[in-house]
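Observations on the three-dimensional arrangement
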Amino acid sequence: MKVKTILVSQPEPSNENSPYTRLKEKHNLKIDFRPFIHVEGVDAKDVRRQKIDFADYTSVILTSRNSVDHFFRLAEEMRFKVSDATKYFCQSEAVAFYLQKYVVYRKRKIYVGQKSLTDLESVFKKFSEEKFLLPSSDILKPTTSGFLDSLGIDWTRAQLYKTVVSDLSDLRDVSYDVLVFFSPSGIESLLHNFPDFEQNNTRIAVYGNTTVKAADEAKLRIDIKAPTEETPSMTMAIEKYITTSK
């Protein structure tokens with residue numbers, strides 16, 4: 001069963017030199033991108049229902065671009081002026097860089113992890129007297145809350161946006177050799193849109209243990225899995241499958 005068409009359940013990369021471009025050209029593939037889920041922001045009323053007052057917090061923990069966008073969106077909607085003294089704890093350099101969209105970077109107290117919040121453990125402990133706000137979606141990784149709890153700091157989660165299943169009805173009569181998933185929400189979206197989905201010869205590619213678990217629970221056959229020691233990225237895993245299946 002040759003692979004000629006692939007659907008990736010994420011937005012198309014903005015980088016023209018992405019690994020998917022190289023994979024496409026090397027193996028003469030048709031690769032389409034379509035988000036199976038999208039994010040919708042909550043409104044000020046929802047924040048108030050959570051009994052969240054931005055003025056109560058001196059530090060903000062930012063784990064994604066969405067958390068940045070929706071924190072500042074709601075601050076504006078609620079006419080709350082974010083203090084220049086606010087400290088920002090960013091999960092990665094990418095999140096910290098994106099923060100510049102809203103604040104003058106050199107004039108703010110910004111702490112940056114390499115890849116995860118755990119990289120900032122010593123910094124969190126240094127500011128243990130602060131009150132931390134964690135803007136998040138309706139889905140929060142247990143590892144995140146577990147880590148923050150282990151620090152013994154005063155932190156509060158604010159659900160400022162939510163993950164919503166996208167409408168994929170236009171894909172009902174379209175078939176792909178490989179469907180690529182990066183989260184349990186993507187699997188959920190597939191089954192929500194196509195409750196009668198039959199895998200047959202469609203290959204399922206999954207990234208991460210939680211996605212593997214979701215696919216297993218949905219009784220989907222997993223043909224491609226990442227990351228592994230040999231294939232740390234999804235594109236590498238797909239390429240390995242293509243070359244070994246010839």
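Here the residue numbers are simple positions, counted from 1 along each chain's written sequence. Reporting of local features is limited, given that this is a predicted model, to residues whose pLDDT is at least 70; pairs of side-chain atoms are given and counted only at 80 or more, and all residues count toward the totals for whole chains, interfaces and linings. Side-chain measures here rest on the full set of heavy atoms in the structure, leaving out hydrogens and waters.

Looking at the sheet that holds strand β10 (residues 178-181)
Two strands are counted as paired when DSSP detects at least two bridges linking them. A helix here means a DSSP run of H or I that spans at least four residues, while a strand means a run of E at least two residues long, and both kinds are numbered starting from the N terminus. Taken together, five strands build an open sheet; the order of strands is β2-β1-β10-β11-β12 and the sheet is parallel. Either end of the sheet is taken by a strand with one partner, and the two such strands are β2 (30-33) and β12 (222-226). Taking the axes of each pair of neighbouring strands and ignoring which way they run, one obtains an average angle of 20 degrees across the sheet. Sheet topology places strand β11 (residues 203-207) next to β12; four bridges connect them, and they run parallel. Across the sheet, residue V206 finds its bridge partner in β12, namely K225. Whether two residues touch is decided by their heavy atoms; if any such pair falls within 4.5 Å, the residues are in contact. Interaxial angles span 0 to 180 degrees and are taken between N-to-C directions of axes, which are lines fitted to C-alpha atoms, for helices over the stretch in contact. Of the strands in this sheet, β1 (5-8), β10, β11 and β12 are in contact with helix α9 (residues 234-245), which crosses β12 at around 140 degrees.

Looking at the packing of helix α1 (residues 19-27) against α9
Contact geometry of α1 with α9 gives a least axis separation of 9 Å together with a crossing angle of 15 degrees. Relative to α9, the element α1 lies roughly parallel. Judged by the sense of rotation from one axis to the other, the crossing of α1 with α9 is right-handed. In this structure, α1 contributes P19, Y20, L23, K26 and H27 to the contact, and α9 contributes M234, T235, I238, E239, I242 and T243. Grouping the amino acids of the contact of α1 with α9 by side-chain chemistry returns six nonpolar, three polar and two charged. Angle categories: roughly parallel below 35 degrees, roughly antiparallel above 145, roughly perpendicular from 65 to 115, and oblique for all the rest. A clockwise turn of the near helix away from the far one marks a right-handed crossing, whereas an anticlockwise turn of less than a right angle marks a left-handed crossing. Residue type decides the class: Asp, Glu, Lys and Arg count as charged, Ala, Val, Leu, Ile, Met, Phe, Trp, Tyr, Cys and Pro as nonpolar, and the leftover types, Gly among them, as polar.

Honestly, it's all geometry; don't read function into it.
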